[in-house]
Amino acid sequence: MARKLNLRIWRGNKESGALQNVIVEANEGEVVLDVIHRVQAEQLNDLAVRWNCKAGKCGSCSMEINGKPRLACMTQVSSFPEGEEITITPLRAFPVIKDLVTDVSFNYKKAMEIPSFQPPVGMKPGEPRMAQVDVERSQEFRKCIECFLCQDTCHVIRDHEENKSSFAGPRFFIRIAELDMHPLDILRNRKKKAQEEHGLGMCNITKCCTEVCPEHIRITDNAIIPMKERVVDEKYDPLRWLGSKIRKREGIL
Amino acid sequence: MTIEIERHKYDILVIGAGGAGLRAAVEAREAGLRVAIICKSLFGKAHTVMAEGGAAASMGNVNENDNWMVHFRDTMRGGKFLNHYRMAELHAKESPDRIWELEMWGALFDRTKEGKISQRNFGGHEYPRLAHVGDRTGLELIRTMQQRIVALQQIDKAETGNAESNIKVFAELTITEILKEGGKVSGAYGYWRENGKEVLFEAPAIVLATGGVGKTFKITSNSWEGTGDGHALALKAGANLVDMEFLQFHPTGMVWPPSVRGILVTESVRGEGGVLTNTNGERFMFKYIPDVFKDKYADNEAEADRWYVDQDNNRRPPELLPRDEVSRAINSEVKAGRGTEHGGVFLDVSKRLSAEVIKKRLPSMWHQFYELAGVDITKEAMEVGPTCHYVMGGVEVEPDTAAAVGVPGLYAAGECAGGMHGSNRLGGNSLTDLLVFGRRAGMAAAAYVKSAGTTQVSQSAVQAASLRIQAPFTRTGGENPYKLHQELQEITHNLVGIIRTKTELDDAIVKITELRKRIANITVSGNREFNPGFHLSFDLDNMLLIAESTAKSAVLREESRGGHTRDDFPKMSTTWRQINNISSFDGTQVNVSQQPLPVLPKELFDLFDPHELEKYMTPEELAKGGSN
Ligand SMILES: Cc1cc2nc3c(=O)[nH]c(=O)nc-3n(C[C@H](O)[C@H](O)[C@H](O)COP(=O)(O)OP(=O)(O)OC[C@H]3O[C@@H](n4cnc5c(N)ncnc54)[C@H](O)[C@@H]3O)c2cc1C
Ligand code: SF4
Ligand code: SF4
Ligand code: FES
């Protein structure tokens, strides 16, 4: 059944902006992105919103709905009580470009700072043999759709512009963990670097990032905590660190 | 009025950051050239991320009988022998190397027990052939190449101090025009989506990798980017499109609720054992096995079920027929009144697999139905129906180089190029197509640039391109771009859809011509700052050209084959099998002419059983036995 929705949509640009009230119809089964599109087509033709797949696969439609970081294409209108106002605002951790679109270039800069995958010298295409159990740990992190909702919610940078230069954020902690656990990667000291150069130490394990991740990646339990623990171990036990690298390399033989 | 224009100079422009574009860019950069990658959305978001099932390559990891010849045969059969044989051959031969190479860049595919890359079954592929990562294979492809590009940029940074010295990504920038001087490519023109500011790129070579055209249709699995920009840019630059009548309607899109209509339900659901039934509970696909496939597909449930455990001694279940067959079958069931109230049929995996296995093998399908439709696929059937998925038609290219015929300096790869898939693409063949021909395009463009030298862009060309961008704000015609888009989608859906007839196609052509006049009156509100209405006005222009080309090609082809079904010509025609429909643009309208399809050379001809070829070819063709 169609129902009337009262939306409050943030409109504006770098200079200024405000919430605008809009009344729009919503049909059965629709998601927030559907009603935003209806507003765009019928009322505010130039309302800016990012989206691509409308299937929760590309991570473009990130925004805050009633203050919570969400994918608009995966948020059912029916999840809000009838009559309740729905407030839609851009991601708070990133500078606004226009309306619901923010400048997420921070994330691309951070991606550039993380040393890339490094396979063993001399390994030829087609040679790798890896067990499914060994690839699964990294595969969990490779499910990331780069929606940056975890980045947006993390209190270390959410309202602290000053921390941005020294903090890569949860999305990139899982990237480091992914490479660190990758059976073919031979680069050393990834965890230590995460701690010393990418701000892992600033994370105090609030788990907010895990809570918002639409891919249900266990960012804290499976990436952040194990890395933090092992950084501590390795500081005290160099032999154990060497052992872990050797084991990792054996996995490929 | 002269406005300040941002200018860039590169050796090669790659338009599109999906699988094809990124692979082309990597290759061109490794050949030592300076490359710009331009895309309409953010880096890493291109439509390729949506690909689910896998990438087809005959590595033989699961069944060692597989090799390029078997893959080649499957591809030609799937395309009903209208494929450009040379593209299908290169694709079949080179796909395994392209997959293995991704592994060296960090990709993590699912594994076999021996630790090799696992391969899964898919419609039309004789052996398990699709390398996969759960049901998010496209994401793995995009991310791997995105990260490969970052890795190259890091190397450049170490050497030159500037990460973007050799590869730069221009994200959220739309190209509206390819520029030429003296008949050759000289650059491209476009605007930043963020602020509408205009940008000129000067470059002697362009690789088009802009993907598909799905948004021309009402029900589609494609993202908003699928507006056929590359197809249209190429047409306007003087290149040709080949066989635009062939569109793949994927048999299984979601049908309910309306807001998710069209979203893809991956073929892996059937590959993993999902069966299709109508509202009478009948597993109807057994009724729809065409003669040409009778010896490969089981005609009874017992054998079909046995196939899942013993593939060597049983024929495959008919749910795994090529997509065009399954789509038509579903369409017929629904028309005959045996469809669900929402116009679909049932697809069920819950009876064959345990909940745990379903969640592991089809995680994003489970997620998608649970979150968007409130259906738990481990317990209930899904409702599915056909959705516009893929365009087989595309820019006419030279198979070995991906060079667009007729325009020196222009290349096209991936979904926007034509020929490879003939009249119907097999699932999984696109992802490897992107890699094989993306690489070849990058390589050939690099070689061309090294020999062609630089070009100049003339002031008049820039001015014309700029005026076009300014136009939507200066017009007062009052047409709303969103409304026109809806009207176009109604026309294509109703008149150029899965089942076509001459009268409806003629009607569509008239209506599209009328719409064309009206888009000249589009007025856009607001200003140039991230303005979707403004953006749509350019996309719409492209979609109309595509729709015109599709409708005009479809009315000429008087047969039914693959992704083109004519109610008034329900059979395949051996005459039409030898013909490509070639679209060109004269500045006002699309014209379609016929051109002979290149003939299979003897060594490829001999890969087939002559009895099979009898179903497709004339006695004269068979007697000749290939072209040499
Ligand atoms: C839901 C779904 C599932 C699929 N699953 C599979 C599968 O399992 N296996 C398989 O083989 N195939 C699959 N396919 C098909 C396959 O994903 C696509 O054919 C393929 O990804 C197309 O890739 P591409 O590189 O050609 O273009 P795309 O990935 O579509 O990228 C196009 C790029 O061009 C850019 N662009 C377009 N126009 C312009 C312009 N004017 N200016 C600047 N940039 C522009 C876009 O921004 C984008 O970056 C699937 C398709 C869909 C829709
Ligand atoms: S767990 Fe760490 S990274 Fe995640 S939100 Fe909390 S502080 Fe940020
Ligand atoms: S980790 Fe999850 S929340 Fe963070 S960017 Fe990736 S998908 Fe989004
Ligand atoms: S539009 Fe792709 S995740 Fe929402």
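For every chain, the first residue of its written sequence is number 1, and the numbers climb from 1 along that sequence. Going through the entries in the order they are written, you letter the chains from A and number the ligands from 1. A pLDDT threshold of at least 70 governs which residues receive local features in this predicted model, and a stricter bar of 80 or more applies before side-chain atom pairs are shown or counted, although totals over entire chains, interfaces and linings include all residues. To obtain the side-chain values, all non-hydrogen atoms of the structure were used and water was disregarded.

Enquirer: Can you walk me through the overall build of chain B in this structure?
Expert: Looking only at helices and strands, chain B features 18 helices and 22 strands. Contacts between residues were defined by any pair of non-hydrogen atoms, one from each residue, lying within 4.5 Å. Of all intrachain contacts in chain B linking residues separated by at least 6 positions in sequence, the fraction that spans at least 24 positions is 73%. Surface accessibility of chain B: about 20,600 Å² in total, with carbon and sulfur atoms responsible for 50%. Across chain B, the centroid of the 72 positively charged side chains sits 1 Å from that of the 82 negatively charged ones. Secondary structure elements are taken from DSSP: a helix is a run of H or I of four residues or more, a strand is a run of E of two residues or more, and numbering for both begins at the N terminus. Each accessible area is a Shrake-Rupley result for a 1.4 Å probe, and residues are judged covered by the shown protein chains and nothing else. Counting rule for charge: Lys and Arg are taken as positive, Asp and Glu as negative, and neither His nor the chain ends is counted. Charge placement uses NZ in Lys and CZ in Arg. For Asp and Glu, CG and CD serve respectively.

Enquirer: Help me understand the nonpolar core, please; the structure alone is not making it clear to me.
Expert: One broad trend across soluble globular proteins is that nonpolar side chains are buried collectively. L7 of chain A together with I12, F201, L208 and L410 of chain B are the most contacted members of the largest nonpolar core, which totals 223 residues. Top contributing element to this core by residue count: helix α11 (residues 429-452) of chain B, with eleven residues. When near neighbours in sequence (up to four residues on either side) are disregarded, L410 of chain B contacts I178, V185, I206, L208, A234, A239, A402, A403 and A404 of chain B. Among buried residues, those of type Ala, Val, Leu, Ile, Met, Phe, Trp, Tyr and Cys that are joined through side-chain atoms within 4.5 Å constitute a nonpolar core. Exposure is judged per residue with a 1.4 Å probe applied to protein chains only, and the accessible area is read against the type maximum: over 50% gives exposed, under 20% gives buried, and values in between give partly exposed. Within the second largest apolar cluster, 35 residues are counted, among which are I491, V496, A551 and V555 of chain B.

Enquirer: What is the right way to read the site of ligand 3 from this model?
Expert: As a matter of local geometry, ligand 3 sits amid C144, I145, E146, C147, F148, C150, I174, C213, P214 and I219 of chain A. Here the nonpolar group is Ala, Val, Leu, Ile, Met, Phe, Trp, Tyr, Cys and Pro; Asp, Glu, Lys and Arg are the charged ones; every other residue, Gly included, is treated as polar. Taken together, the residues of the shell around ligand 3 sort by class into nine nonpolar, no polar and one charged. Only a single heavy atom is needed: when it lies within 4 Å of a molecule or strand, its residue is near that molecule or strand.

Enquirer: Can you help me understand the domain arrangement of chain A in this one?
Expert: In many reports, interface size means the accessible area that the parts give up when they come together. Residue and element names in this part refer to chain A. A domain assignment, automatic or from a database, supplies the domain bounds used here. Each domain of chain A was delimited in the assignment, giving domain 1 (3-102) and domain 2 (105-246). The distance between the C-alpha centroids of domain 1 and domain 2 comes to 31 Å. Residue-level contacts link 15 residues of domain 1 with 16 residues of domain 2. Both faces considered, domain 1 and domain 2 share a buried interface measuring about 1,200 Å² in area, 53% of it formed by carbon and sulfur atoms. Buried area adds together the accessible area that both of two parts lose upon being put together, with accessible area traced by a 1.4 Å probe. Among the residues domain 1 hides against domain 2, the three largest losses belong to P69, A93 and F94. Together they make up 45% of the total. Criterion for a salt bridge: a side-chain nitrogen of Lys or Arg within 4 Å of a carboxyl oxygen of Asp or Glu. Applying the counting rule to domain 1 against domain 2 returns two salt bridges. A salt bridge links E64 to R158; the nearest nitrogen and oxygen atoms lie 2.8 Å apart. Side-chain atoms alone can form a polar contact between residues adjacent in sequence; in general such a contact is a pair of N or O atoms within 3.5 Å, and within protein one must be able to donate a hydrogen while the other accepts it. The tally of links from domain 1 across to domain 2 stands at six residue pairs in polar contact (both at pLDDT 80 or more). Secondary structure elements with two or more residues in the side of domain 1 that touches domain 2: β3 (62-65) and β4 (68-71).

Enquirer: Help me understand the packing of aromatic side chains in this model?
Expert: Any aromatic ring pair is given by two values, namely how distant the centres are and how the planes are angled relative to each other. Residues and elements named next belong to chain B. Two aromatic rings, drawn from Phe, Tyr or Trp (for Trp, its six-membered ring), form a pair once their centres lie within 6.5 Å of each other, and the interplanar angle then sorts them: stacked below 30 degrees, edge-to-face above 60, tilted otherwise. Taken as a whole and judged by the stated rule, the model has 20 aromatic pairs over all chains. Where Y191 meets F534, the ring centres are 5.1 Å apart and the plane angle is 50 degrees; that geometry is what we call tilted. Taken together, the residues Y191 in strand β9 (residues 184-192) and F534 in helix α15 (residues 532-556) connect sequence positions 343 residues apart. Between Y411 and Y448, the aromatic rings sit 6.3 Å apart at their centres with planes inclined by 65 degrees, giving edge-to-face as the arrangement. Of this pair, Y411 sits in strand β18 (residues 410-412) while Y448 is found in helix α11, placing the two residues 37 residues apart along the sequence. The class for Y411 is buried, based on a relative accessible area of 6%. K93 extends its terminal NZ or CZ atom over the ring of W68, reaching a point 4.6 Å from the ring centre. To sit over a ring, a charge needs its Lys NZ or Arg CZ within 6 Å of the ring centre and within 35 degrees of the ring normal.

Enquirer: How should I be thinking about the pattern of salt bridges in this particular structure?
Expert: Oppositely charged side chains are able to pair whenever their charged atoms sit close together. All names here are of chain B. All chains considered together, the criterion is met by 86 salt bridges over all chains. One salt bridge connects K552 with E548, and the closest N-O pair in it is separated by 2.9 Å. In this pair, K552 and E548 both sit in helix α15, four residues apart, roughly one turn of the helix. E548 matches K552 in its accessibility class, with the two residues each being buried. Salt bridges here are not isolated pairs; linked through shared partners, they connect R23, E27, E94, R98, E101, R439 and R440.

Enquirer: For this particular structure, what's the right way to read the sheet that holds strand β11 (residues 205-208) of chain B?
Expert: Two modes of strand pairing occur in sheets, parallel and antiparallel, and in both the strands are linked by backbone hydrogen bonds. Residue and element names in this part refer to chain B. DSSP-based pairing: two strands are paired if at least 2 bridges between them are found. In spatial order, the strands read β7-β3-β2-β11-β18; together these five strands make up an open sheet with parallel pairing. Since the sheet does not close on itself, it has two edges, and those belong to β7 (167-171) and β18, each with one partner. With direction set aside, neighbouring strand axes in the sheet form an average angle of 20 degrees. In this structure, strand β3 (residues 35-39) lies alongside β7, joined through five bridges in parallel fashion. Residue pairing in the sheet places C39 in a bridge with A171 of β7. To get an axis, a line is fitted to the C-alpha atoms, and for a helix only the part in contact is used. The angle between two axes follows their N-to-C directions and goes from 0 to 180 degrees. Contacting β3 and β7, helix α4 (residues 137-160) crosses the sheet at an angle of about 130 degrees to β7.

Enquirer: Sorry if this is basic, but what is going on with the domain arrangement of chain B here?
Expert: Entries for chain B in the domain assignment read domain 1 (251-387), domain 2 (471-577) and domain 3 (601-628). Using only C-alpha atoms to locate each centre, domain 1 of chain B and domain 3 of chain B end up separated by 34 Å.

Enquirer: Looking at this model, I keep getting lost on the site of ligand 1. Mind explaining?
Expert: Residues and elements named next belong to chain B. Around ligand 1, the surrounding shell holds 39 residues, and the nearest of these are T48, E225, D229, E415 and L431. At a separation of 2.7 Å, a nitrogen atom of ligand 1 approaches a polar side-chain atom of D229. One of the side-chain nitrogen or oxygen atoms of E415 is found 2.7 Å away from an oxygen atom of ligand 1. Alone, ligand 1 offers 1,000 Å² of accessible surface; in the complex the protein occludes 99% of this. Residues are called lining when one of their atoms sits within 4 Å of a cavity or pocket point, these points coming from a 1 Å grid over the protein atoms alone, where a cavity is a set in which a 1.4 Å probe fits but cannot get out and a pocket is an open set with protein on both sides within 12 Å along at least five of seven lines. Pocket or cavity membership: a molecule qualifies when more than half of its atoms sit within 2 Å of the grid points of that site. If you map ligand 1 onto the pockets, it falls in the largest cavity. Of all the secondary structure elements, the ones that give two or more residues to the shell around ligand 1 are α1 (19-30), β3, β8 (173-181), β16 (382-391) and α11.

Enquirer: Quick question: what am I supposed to make of the interface of chain A and chain B here?
Expert: Counting residues at the interface gives 66 residues for chain A and 62 residues for chain B. Together chain A and chain B conceal approximately 5,100 Å² of surface at their shared face, both sides included; 53% is due to carbon and sulfur atoms. Where chain A touches chain B, the interface holds five salt bridges. One salt bridge connects E140 of chain B with R142 of chain A, and the closest N-O pair in it is separated by 2.6 Å. Viewed at the interface, chain B and chain A are joined by 38 residue pairs in polar contact (both at pLDDT 80 or more). For the side of chain A that touches chain B, the secondary structure elements donating two or more residues are α1 (32-42), β6 (96-98), α2 (105-113), α3 (132-142) and α6 (170-181) of chain A. Among the elements that take part in the side of chain A that touches chain B, α3 of chain A stands out by supplying six residues, more than any other. Here the side of chain A that touches chain B is composed, by residue class, of 33 nonpolar, 15 polar and 18 charged.

Enquirer: Would you mind going over the pairing of β4 of chain A with me for this structure?
Expert: It is a general feature of regular strands that their side chains alternate between the two faces of the sheet. Residue and element names in this part refer to chain A. With burial as the criterion, only one face of β4 is covered, namely that bearing P69 and L71; the residues K68 and R70 on the opposite face remain uncovered. Examined bridge by bridge, β3 and β4 share four bridges and lie antiparallel to one another. Its bridge partner being in β4, E64 is matched across the sheet by P69. Between the antiparallel neighbours β3 and β4 lie two residues, among them N66 with a positive phi of about 50 degrees.

Enquirer: What is the right way to look at unusual backbone geometry in this model?
Expert: Negative phi values dominate among residues other than glycine, just as trans dominates among peptide bonds. For the bond running from W256 of chain B to P257 of chain B, omega is -5 degrees, close enough to zero to count as cis. Within the secondary structure, P257 of chain B sits in the loop between β13 (247-254) and α6 (268-271). Of note in this structure, I205 of chain A is not a glycine but carries a positive phi near 55 degrees. Position of I205 of chain A relative to the elements: it lies in the loop between α7 (190-196) and α8 (208-212). With a relative accessible area of 31%, I205 of chain A lands in the partly exposed category. One non-glycine residue, F81 of chain B, adopts positive backbone phi at about 60 degrees. When you line up the elements, F81 of chain B lands in the loop between α2 (68-78) and α3 (85-104).

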